[in-house]
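Close look at the chain arrangement
The lines below spell out each chain.
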Amino acid sequence: MRRVYMDANATTPLLPEVVEAMHPYWMEHFGNASSIHLHGQEARKGVERARETLAEFFNCHDAEVVFNSGGTEGDNTAIFGLLHPGDHFITTSIEHSAVIQAAQRMAERGVETTFVAPQPSGLIDPTDILRAIRPQTRLISVMLANNETGVIQPVAEIGRIAADTGVFFHIDAVQGAGKVPIDVRRIGCHLLSISGHKMHAPKGVGAMFVRRGTPVESLLVGGSHERRRRAGTENVAGIVGLGKAAELAMHSLADGVMDRLSGLRWKLETELLKLPGTGMNGAGAPRAANTSNIWFDNLEGEALVIALDLKGIAVSGGSACHSGATEPSHVLMAMGLDKTRARASLRFSMLKTATEADVDYVLQVVPEAVERLRAVSPVEAGTLG
Ligand SMILES: Cc1ncc(COP(=O)(O)O)c(C=O)c1O
């Protein structure tokens, strides 16, 4: 059976060049990057070369790159590391749970959070951020691209607001990295987090830009790794893999790979939206070139995810499983969808290696599956709220 993976926003496979770059660091260059002997020096060289690449990727100084375990750690570090009791925090209601749950934990420690809601398009209006600022506001955290809709947020404008009001600004760029160019100097943020596994590097490695002088406390204490900003023996092979993936991402962005993907996405969306009872989530907003989020009325999204999986197509639905119950996506609900339509939404997120044949296969399978499910759907029959 043909297999088409359209769930790149969940995770991505390693590219062959990434595996090749990492391989020596599991074998001959296995040293601890803190050791002073030759083995340590080889490992250190790998880490520092990757740091230079990430500095180019972010447009910052080498010393402003901190390697960590991924997006959750970056988001948690920004929030737990900068906020103190009595501070006010501004974020949005469409962030990843790594931000939302961290904000909820900070409430127990006396930090109040304002969750700014998006417009129906999924875009955050920077003036809503400005309006939320109070004298006690210490940190703003807004994502670069949303994981469910791909909507790209106006981070440069928010950066200007943060600069004008003297508030720290963190960007969760986990879903933007590799899809849109990142320039921390232009954006004017203090902190920015990325994750390896969303950009063809391994799971369990990530990086953070920390602007020089930003007083962020490290989450982990122990050794003096990463200039005391993140204790723990460096994941050398993972870091080398992230460096290679960042280098390849910069080439892809320069070589028009995202333009090619937008073309494929246009075909996918144009054809799927011809089906009756469908619509785009995030219509009218700028979106990452790989992501389409579409609702299919009168069916249950999870049933469609399973039906497509049986035909070899991997996508995700507009609901998440929390404590055994399926909850509609908080992102789509914040955009004003009702529960039924949020549950009937599907996310197609292409890898940068996606082909026209992949899109054609999806376009062949989805209409049949939608028709079949609608014919037997309890939503259609009005027996499911
Ligand atoms: C926007 C966003 N932020 C943070 C994360 C968490 O990243 P990680 O899986 O590296 O912990 C994800 C992962 O889905 C994400 O999509």
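Note that the structure is predicted; figures quoted are calculated from it, not measured.

Thoughts on the overall build of the protein
Counting its secondary structure elements, the protein contains 14 helices and 15 strands. For the protein, the C-alpha atoms occupy an extent of roughly 70 × 50 × 40 Å along the three principal directions. Classification of the 385 residues of the protein by burial places 58% in the buried group. Carbon and sulfur atoms form 54% of the exposed surface of the protein, whose accessible area is close to 16100 Å². When the 37 basic and 43 acidic side-chain charges of the protein are each reduced to a single mean position, those positions are 2 Å apart.

A few points about the pairing of strand E8 (residues 206-210)
Most of E8 sits out of view: 5 of its 5 residues are buried. Across the two faces of E8 the burial is the same, with Gly206, Met208 and Val210 and Ala207 and Phe209 all buried. Where strand E2 (residues 65-68) meets E8, 4 bridges bridge the pair, whose relative direction is antiparallel. Directly across from valine 66, in E8, lies its bridge partner methionine 208. Strand direction decides the pairing type here: strand E7 (residues 191-195) and E8, joined by 5 bridges, are antiparallel. Paired with leucine 192 across the bridge in E8 is phenylalanine 209.

A look at the site of the ligand
In the vicinity of the ligand there are 13 residues, among which Thr72, Asp172, Ser195, His197 and Lys198 approach most closely. Separating an oxygen atom of the ligand from a side-chain N or O atom of glutamine 175 is a distance of 2.9 Å. Here an oxygen atom of the ligand and a side-chain polar atom of serine 195 are 2.6 Å apart. Protein contact buries 86% of the 390 Å² of open area that the ligand shows by itself. Residue classes in the shell around the ligand are distributed as 2 nonpolar, 8 polar and 3 charged.

Notes on the nonpolar core
Counting 63 residues, the largest nonpolar core has Leu54, Phe57, Phe58, Phe169, Leu192 and Ile194 as the members making the most contacts within it. Looking at this core, the element that brings in the most residues is helix H9 (residues 236-254), giving 10 residues. Once residues lying within four places of it in the same chain are set aside, the contact partners of phenylalanine 58 are Val65, Ile182, Asp183, Val184, Leu192, Ile194, Ala207, Met208 and Phe209. Grouped together as the second largest cluster of nonpolar side chains are 33 residues, Val4, Leu268, Phe296 and Ala354 included.

Here's the deal with the packing of aromatic side chains
Applying the stated criterion across every chain, the model contains 1 aromatic pair. For the ring pair phenylalanine 57 and phenylalanine 58, a centre distance of 5.9 Å and an interplane angle of 55° mean the geometry is tilted. An identical accessibility class is assigned to phenylalanine 57 and phenylalanine 58; each is buried. In this arrangement the basic side chain of arginine 109 is found over the ring face of phenylalanine 80, its NZ or CZ atom lying 5.2 Å from the centre.

Concerning the pattern of salt bridges
Tallied over the entire structure, the rule returns 19 salt bridges. Of the charged contacts, one joins aspartate 87 and arginine 138 as a salt bridge, the two residues approaching to 3.7 Å between their closest N and O atoms. Within this pair, whereas aspartate 87 is found in the loop between helix H3 (71-82) and strand E3 (88-92), its partner arginine 138 is found in strand E5 (residues 137-143), the two being separated by 51 residues in sequence. The class of aspartate 87 is buried, set by a relative accessible area of 15%. Overlapping salt bridges, with partners in common, bring together Arg44, Glu48, Arg51, Glu226 and Glu234 in one network.

Regarding the sheet that holds E7
The strand order across the open sheet formed by 7 strands is E2-E8-E7-E6-E5-E3-E4, and the pairing between neighbours is mixed. Edge positions in the open sheet fall to E2 and strand E4 (112-116), since each of these has one partner strand only. Neighbour-to-neighbour, the strand axes of this sheet turn through a mean angle of 20°, independent of strand direction. When E3 meets E4, the two strands line up parallel, connected through 5 bridges. Its bridge partner lying in E4, isoleucine 90 is registered against threonine 114. Here helix H4 (residues 97-108) sits on the sheet and contacts E3, E4, E5 and strand E6 (168-172); the angle it forms with E3, its principal contact strand, is near 155°.

Description of the side chain of glutamate 148
Residue position: glutamate 148 is located in the loop between E5 and helix H6 (155-165). Although glutamate 148 is buried, it makes no salt bridge; arginine 347 carries the closest opposite charge, 6.3 Å away. Reaching out from glutamate 148, the side chain makes a polar contact with the side chain of serine 329 at a distance of 2.6 Å. Beyond its immediate sequence surroundings of up to four residues, glutamate 148 is in contact with Thr291, Asn293, Ser329, His330, Val331, Leu332 and Arg347.

Some words on the environment of methionine 280
Residue placement: methionine 280 occurs in strand E9 (residues 278-281). Taking the C-alpha atoms as reference, methionine 280 lies 20 Å from leucine 351; in sequence the two are 71 residues apart. Ignoring sequence-local partners within four residues, the contact set of methionine 280 consists of Glu269, Leu273, Arg287, Asn293, Ile294 and Trp295.

Quick notes on the sheet that holds strand E15 (residues 345-349)
Two modes of strand pairing occur in sheets, parallel and antiparallel, and in both the strands are linked by backbone hydrogen bonds. Spatially, the 4 strands line up as an open sheet ordered E9-E10-E15-E12, and their pairing is antiparallel. Looking at the sheet topology across the chains shown, the edges are occupied by E9 and strand E12 (316-317). Where strand E10 (residues 291-296) lies against E15, 5 bridges are found, and the strand directions are antiparallel. Bridged to tryptophan 295 within E15 is serine 345. Most of the contacts of helix H11 (residues 301-310) go to E15, to which it runs at about 40°, and overall it touches E10, E12 and E15. Contacting E9, E10 and E15, helix H14 (residues 356-376) runs over the sheet at an angle of about 25° to E10.

What counts, and at which threshold
- Residues numbered from 1 in each chain as written.
- Predicted model: local features only at pLDDT ≥ 70, side-chain atom pairs only at ≥ 80, totals over all residues.
- Heavy atoms only, no water.
- Helix = DSSP H or I, 4+ residues; strand = E, 2+ residues; numbered from the N terminus.
- Buried < 20%, exposed > 50% of the residue type's maximum accessible area, 1.4 Å probe, protein only.
- Areas by Shrake-Rupley, 256 points an atom, 1.4 Å probe, with all protein chains shown as cover.
- Lys, Arg positive; Asp, Glu negative; His and termini not counted.
- Charge placed at Lys NZ, Arg CZ, Asp CG, Glu CD.
- Pairing = 2+ DSSP bridges.
- Near = heavy atom within 4 Å.
- Polar contact = N/O pair within 3.5 Å; in protein donor to acceptor, adjacent residues only side chain to side chain.
- Nonpolar A, V, L, I, M, F, W, Y, C, P; charged D, E, K, R; others polar.
- Core = buried A, V, L, I, M, F, W, Y, C linked by side-chain atoms within 4.5 Å.
- Contact = heavy atoms within 4.5 Å.
- Phe/Tyr/Trp six-rings, centres within 6.5 Å; stacked < 30°, edge-to-face > 60°.
- Lys NZ or Arg CZ within 6 Å of the ring centre and 35° of its normal.
- Salt bridge = Lys/Arg side-chain N within 4 Å of Asp/Glu carboxyl O.
- Axes fitted to C-alpha atoms, helices over the stretch in contact; angles between N-to-C directions.

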